[in-house]
Amino acid sequence: MDAIRVRGARQLKGTIRVGGAKNAALPILCATLLSDGESLLRNVPGLRDIETTAALLRVLGRDVTVSIPEVRVHGPKGTVVPEAPYELVRQMRASVLVLGPLVARYGRAKVSLPGGCQIGARPVDQHLLGLEALGAKITVEHGYILAEAPRLRGAEVAFDLPTVTGTENLMMAASLAKGRTTLVNCAREPEVEELGRVLNKMGARVEGAGTSIIHIHGADELEPFDHAIIADRIEAGTFMAAVGAAGGDILLEHAPLDDLEPVIVKLRRVGVGVEREGEHARVQRLGPLNSADVTTAPHPGFPTDMQAQFMAMMCVAGGRAVMTETVFENRFMHVPELGRMGAHIQTHNNTAVIDGVPRLSGASVMATDLRASASLVIAGLVAEGETIVRRVYHLDRGYEAIEKKLAGAGADVTRVQLESEPA
Ligand code: EPZ
């Protein structure tokens, strides 16, 4: 069983390259279901979630070649059975993103309910309500969603709350619907805007992606595409928090600063310098860390996917930081693990109060979800002694070779094999 061994405390110095955005690549891979022919995705990160999505597309009749950083998807050979099995969907909730494309393209889709995960119940009611508004007949039974519609037709859809994959599912479905669709109260994340660019390349007419209101003029047929994925703002933010915690000075190559405004404001507030250098960013710890309060919110608020990493930094800041998680109901699983390393954190419902300590101490800790894993690696960078982060398969879902990237910037971080996973 793989684990990551971190020996702190060492500052970071050097260059780290930011890869393509996982949460842009996943919906764009699913968008290939909307057309035949060969689509090419560039700047794709080498992640487990990419492999999982490729496996799902193969089950759906596509010929997929993953040669990171490129992925080629070739249109279907023979008949397509538009069904996404539980065995694959349970590995990655984002598999629900095949639902919209399949029912739009094939008039029918059977997709396993994604179910919850460590960070929350993760319902998909908004996805289903939206597809029903476009004319799909939805039934849910035996753990599967069945969506049927001879041809989706454009409609007005108002989301009860901004949902990233819900917005993306409806954008893809509406791109092949007959007529015009208006989506209201959409998620405004950069990855949603990126999907809009790709759908426009395919021949749909998508206006307003990245804002709360998106208009989509459906097409009768869509074309394959060639597209280079935007950089991953959460991976970039994670390395910025690492410099804040461990200290040092790094050049972050291809950092998407425009997509990171809410995080950069807070980083500067606590004493981390972030300066644009062309399409890169120079990130350095400018002095002792201050504390700052953070409340997560849908974009352009502070991203929930950066909450755990920022908390790891606040563990060694001077003073008290109050962090409130408003997006997911159970996203503090990193707190007890950070506590094992000497952090002083108290939680009450969706609020964590962090009282900074002079130093953390290395320990054996367990990753529970993707971003919690990253926060434990960051804590290890600044801790005295050795930290072993177990269950790094969580980390590998969203970070490509994070140990190599950090080691390339002077950290003592390596991947090790544990004999067996302790109970
Ligand atoms: C996307 O998940 C991201 N995943 C998540 O990143 C990210 O944390 C999340 O957006 C929020 O930014 C991908 O893009 C693949 P939501 P998603 O639907 O779309 C509720 C990571 O670490 N909701 O925006 O599943 C939901 O419970 C992952 O990379 C409903 O109630 O999140 C949550 O409270 C983790 N009904 C809120 O909305 C629905 O039908 C936001 O969820 C859908 C969502």
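The model shown is predicted, which means the values in this text are computed figures rather than measured ones.

Asker: Describe the site of the ligand, with residues and values.
Answerer: Gln126, Thr163, Thr165, Asp305 and Val327 are the nearest of the 21 residues found near the ligand. Side-chain polar atom of lysine 22 to an oxygen atom of the ligand: 3.0 Å apart, as the coordinates give it. A distance of 3.0 Å is found between an oxygen atom of the ligand and a side-chain nitrogen or oxygen belonging to asparagine 23. Computed on the free molecule, the ligand has an accessible area of 830 Å², of which 87% lies beneath the protein chains in the complex.

Asker: Explain the sheet that holds strand β5 (residues 70-74) residue by residue, including any values.
Answerer: In space, the four strands of this open sheet follow the order β4-β5-β3-β14, with mixed pairing throughout. With partners counted over all chains shown, the strands left at the sheet margins are β4 (63-67) and β14 (226-228), one partner each. The average angle at which neighbouring strand axes cross in this sheet is 10 degrees, direction not considered. In this sheet, β5 lies alongside strand β3 (residues 38-42) in antiparallel orientation, the contact comprising four bridges.

Asker: Can you lay out the pattern of salt bridges for me, pointing to particular residues and giving the numbers?
Answerer: The tally for this structure, following the rule as stated, stands at 25 salt bridges. The partner of arginine 42 in a salt bridge is glutamate 70, with the nearest N and O atoms 3.5 Å apart. You can see arginine 42 sitting in strand β3 and its partner glutamate 70 sitting in strand β5, a full 28 residues away along the chain. Here arginine 205 and glutamate 207 are joined by a salt bridge, their closest N and O atoms 3.3 Å apart.

Asker: Tell me about the sheet that holds strand β19 (residues 320-324), and name the residues and values.
Answerer: Strand order in this open sheet of four strands is β18-β19-β21-β20, and the pairing throughout is mixed. Taken across any chain shown, the strands that pair with only one partner, and hence form the sheet edges, are β18 (294-295) and β20 (344-348). The sheet contact formed by β20 and strand β21 (residues 351-355) spans five bridges and is antiparallel. Counterpart to histidine 344 in the pairing with β21 is aspartate 355. Contacts from helix α10 (residues 307-314) reach β18, β19, β20 and β21, with the element oriented near 170 degrees to β19.

Rules and cut-offs
Residues numbered from 1 in each chain as written. Predicted model: local features only at pLDDT ≥ 70, side-chain atom pairs only at ≥ 80, totals over all residues. Heavy atoms only, no water. Near = heavy atom within 4 Å. Polar contact = N/O pair within 3.5 Å; in protein donor to acceptor, adjacent residues only side chain to side chain. Areas by Shrake-Rupley, 256 points an atom, 1.4 Å probe, with all protein chains shown as cover. Pairing = 2+ DSSP bridges. Helix = DSSP H or I, 4+ residues; strand = E, 2+ residues; numbered from the N terminus. Axes fitted to C-alpha atoms, helices over the stretch in contact; angles between N-to-C directions. Salt bridge = Lys/Arg side-chain N within 4 Å of Asp/Glu carboxyl O. Contact = heavy atoms within 4.5 Å.

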